[in-house]
Amino acid sequence: MIKRKISLFLVVFMLFSIFTGCDVNELGYMNLSTEMNKLTQIEIKNLTQIEIPKEITGKDADSKLDIDIQGEANIDDLNKAYLNLNIKFELDGKGNTDPINFMMIDNKFYVSKNILSEMLKFRDDLKLDLDETDVLIAEKLVEELKDVDYILLPSQYDISGIEGLKNSNVSVTYKDNKAIIESAKKYLTNAFKGFESKLIKKTSNGYVMELNAKDVWSFISRLVKYISENKELVFDETIKYLETVYANMEIKDGAEAVDTKSVIEGFKELKEDFYKGIDEIYKSIKTIETEEKDELDEIINMFGQSYLKNEIYKEGNTYGQKIDAKLMIEGILSGSITSKTTISPKAVKKALAPKKIITTEEIEELYKKLENKYNPVKTIEISWYRDYPEGG
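Residues numbered from 1 in each chain as written. Predicted model: local features only at pLDDT ≥ 70, side-chain atom pairs only at ≥ 80, totals over all residues. Heavy atoms only, no water.

Novice: Just to check I follow, could you spell out the overall build of the chain for this structure?
Specialist: The number of helices and strands found in the chain is 13 helices and 16 strands. The burial tally for the chain puts 34% of its 392 residues in the buried class. Sequence-distant contacts in the chain: of pairs separated by 6 or more residues, those separated by 24 or more amount to 68%. Total accessible area computed for the chain in this model is approximately 24,300 Å², and 53% of it derives from carbon and sulfur atoms. (Helix = DSSP H or I, 4+ residues; strand = E, 2+ residues; numbered from the N terminus. Buried < 20%, exposed > 50% of the residue type's maximum accessible area, 1.4 Å probe, protein only. Contact = heavy atoms within 4.5 Å. Areas by Shrake-Rupley, 256 points an atom, 1.4 Å probe, with all protein chains shown as cover.)

Okay, here's the thing in structure tokens:
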């Protein structure tokens, strides 16, 4: 359990520190990201294309999935966040007729009922193993929902699949989200002030991060080395950051408030285990880079043509992000993605929660009834007989 917690700490550090350090470009990247994250009422636009090789889909040619997302959000109050997205997609020239609408209102999630008919339309592409009876039942299900507009999705705890969180009464209330954002920036600057990612460059209106397999390993190696050599600083600054985060959150389990101070104390108790863990990881990396260098080079070369390019920028009052990534394994394409997202300030009025809804549990019950009607289980009686000859 301790090693798992240490690994979690390390992952958090790695994700954070990729945008940190004393380099002017890294600070600029972080400042622009912070500026973008401070927007609370926004218009969102996203265009994404994913290329899927035929070796994965089993089709005669590579497939292309195009996704178009348009929407808005209001997160003035994180405890009553509002998100409204219209999603259109096209797979190899075939797309949905009407957008699928996804909404988050007061931290409850809704999706328009047409997601069911759209999934049915793409059943072959999604490799849904449905026979004629299954299709009939699904079509009848859609008909039964004529008076429904939205499906109420399970809570985030139900979706997690973790039994201990299902039907959980845990609730989180945020007090000051801006304070959390500012503390994150301070944490990254203080904890990693001597570390440079060497991945970020300045552009005419923003910053771009580019890396390949060799860059990834170099970054991980240098990051672990930095943390090992500055473990007290990194650990102490992490605790300070967590204290700020928990101070701006109220966590309840049912009606009972969770003692966040005891949670922080629990993290503090991991100090020595963290020190030992990070030193062990650093030792393992040095071993790989010396005694197992040939194997390391082989793995890096295997992914040698893979790359990731992530750019953020600002044009007028609009913020944008462009992503271009490709995964190549031994020169063979395993997938690629290009994406462009823009976020602009916009006055967003929160909509009321839809009234004509159905829960996923109610859909399951309705499906079972339709299944019993159109595909009933047939009872077969089998009698066993054995004739014995006289005197047998």
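Novice: How should the environment of Lys368 be read in this particular structure?
Specialist: Tracing the backbone through its elements, the reader meets Lys368 in helix 13 (residues 360-374). Judged by its relative accessible area of 45%, Lys368 is partly exposed. In sequence terms Lys368 and Ile137 are 231 residues apart; their C-alpha atoms lie 9.5 Å from each other.

Novice: Hey, could you run me through a negative patch on the surface in this one?
Specialist: Taken together, Glu291, Glu292, Asp294, Glu295, Glu298 and Glu330 make up a surface patch of like negative charges. Within the element layout of this structure, Glu291 appears in the loop between helix 11 (271-290) and helix 12 (293-302). (Patch = residues over 30% accessible without salt bridge, like charges linked within 9 Å, V, L, I, M, F, W, Y side chains within 5 Å. Salt bridge = Lys/Arg side-chain N within 4 Å of Asp/Glu carboxyl O. Lys, Arg positive; Asp, Glu negative; His and termini not counted. Charge placed at Lys NZ, Arg CZ, Asp CG, Glu CD.)

Novice: Explanation requested: the pattern of salt bridges in the structure shown.
Specialist: Inspection of the entire model under this criterion finds 14 salt bridges. Of the charged contacts in the structure, one is a salt bridge between Lys59 and Asp92, with a shortest N-O distance of 3.1 Å. Separated by 33 residues along the polypeptide, Lys59 in the loop between helix 3 (54-57) and strand 2 (63-74) and Asp92 in the loop between strand 3 (82-91) and strand 4 (94-95) bring together distant segments of the chain. You can call Lys59 partly exposed: its relative accessible area is 31%. On the basis of relative accessible area, Asp92 is assigned to the partly exposed category, the value being 40%. Between Lys368 and Glu365 there is a salt bridge, with the nearest N and O atoms lying 3.9 Å from each other. Of the two residues, Lys368 and Glu365 both sit in helix 13, three residues apart, roughly one turn of that helix.

Novice: How do you make sense of the packing of aromatic side chains when you look at a structure like this?
Specialist: Where two aromatic rings form a pair, the distance of their centres and the angle of their planes describe that pair. Summed over the entire model, instances satisfying the criterion amount to nine aromatic pairs. When the ring of Phe235 is compared with that of Tyr275, the centres are 6.2 Å apart and the planes differ by 75°; the resulting orientation is edge-to-face. Here Tyr275 lies in helix 11 and Phe235 lies in helix 9 (residues 231-247), a separation of 40 residues in the sequence. Overall, Tyr275 belongs to the buried group, its relative accessible area being 11%. An aromatic cluster of three or more residues is present, and its members are Tyr187, Phe192, Phe195, Phe219, Tyr226 and Tyr241. (Phe/Tyr/Trp six-rings, centres within 6.5 Å; stacked < 30°, edge-to-face > 60°.)

Novice: What is the right way to look at the nonpolar core in this model?
Specialist: Soluble globular proteins: nonpolar side chains tend toward being buried together. Ranked by size, the top nonpolar core spans 48 residues in total, and within it Phe192, Ile227 and Tyr241 carry the most contacts. Take this core: its biggest share by element is seven residues, from helix 9. Membership of the second largest hydrophobic core comes to 11 residues, among which are Ile137, Leu145, Ile151 and Ile358. (Core = buried A, V, L, I, M, F, W, Y, C linked by side-chain atoms within 4.5 Å.)

Novice: Is there a simple way to explain the side chain of Glu311 in this structure?
Specialist: Structurally, Glu311 can be placed in strand 13 (residues 307-315). There is no salt bridge for the buried Glu311, and the closest opposite charge comes from Lys322, which lies 4.8 Å off by N-O distance. Sequence-distant contacts of Glu311, that is, excluding residues within four places in its chain, are made with Thr203, Asn205, Tyr207, Val208, Gly320, Gln321 and Lys322.

Novice: Where do I start with the environment of Gln70 in this structure?
Specialist: Here Gln70 is to be found in strand 2. Under the relative-accessibility criterion, Gln70 is labelled partly exposed at 32%. Not counting residues up to four positions away in its chain, the partners in contact with Gln70 are Ile44, Lys45, Asn84, Leu85 and Asn86. In this structure the side chain of Gln70 is engaged in a polar contact, spanning 2.8 Å, whose partner is the side chain of Asp68. (Polar contact = N/O pair within 3.5 Å; in protein donor to acceptor, adjacent residues only side chain to side chain.)

Novice: I would appreciate a short explanation of helix 4 (residues 114-121) in the present structure.
Specialist: For the α-helix, the turn length of 3.6 residues means that residues three or four positions removed from each other point alike. Considered for burial, the residues of helix 4 that qualify are Asn114, Glu118 and Leu120. The arc that holds every buried residue of helix 4, seen down its axis, measures 160°, which confines them to one face. Looking at the buried side of helix 4, the elements it contacts are strand 3, strand 5 (100-105), strand 6 (108-112) and helix 5 (132-144). (Arc of directions from axis to C-beta.)

Novice: In this structure, what is going on with the side chain of Thr34? I would like to understand it.
Specialist: One can find Thr34 in helix 2 (residues 24-37). Polar contacts involving the side chain of Thr34 include one to the main-chain carbonyl oxygen of Met30, which spans 2.8 Å. Aside from chain neighbours lying at most four places away, what touches Thr34 is Ile181, Glu182 and Lys185.

Novice: I tried to follow unusual backbone geometry on my own but got confused; where do I start?
Specialist: If a residue is not glycine, its phi is most likely negative; likewise, a peptide bond is most likely trans. The backbone phi angle of Asp92 is positive, close to 50°, even though this residue is not glycine. Even without being a glycine, Asn107 presents a positive backbone phi close to 65°. Relative to the helices and strands, Asn107 resides in the loop between strand 5 and strand 6.

Novice: Would you mind showing me how to read the packing of helix 8 (residues 213-229) against helix 11 here?
Specialist: Between two packed helices, the angle of one axis relative to the other and the distance separating the axes together describe the packing. Direction vectors running N to C along helix 8 and helix 11 enclose 140°, while the axes themselves pass 9 Å from each other. Considering their axes alone, helix 8 and helix 11 lie oblique with respect to each other. For the pair helix 8 and helix 11, the crossing hand works out as left-handed. For the pair helix 8 and helix 11, contact is made by Trp217, Ile220, Ser221, Val224, Lys225, Ile227 and Ser228 and by Phe274, Ile278, Asp279, Ile281, Tyr282, Ile285, Ile288 and Glu289, respectively. Classifying every residue of the contact of helix 8 with helix 11 gives 10 nonpolar, two polar and three charged. (Axes fitted to C-alpha atoms, helices over the stretch in contact; angles between N-to-C directions. Parallel < 35°, antiparallel > 145°, perpendicular 65-115°, else oblique. Left-handed = near helix turned anticlockwise from the far one by under 90°. Nonpolar A, V, L, I, M, F, W, Y, C, P; charged D, E, K, R; others polar.)

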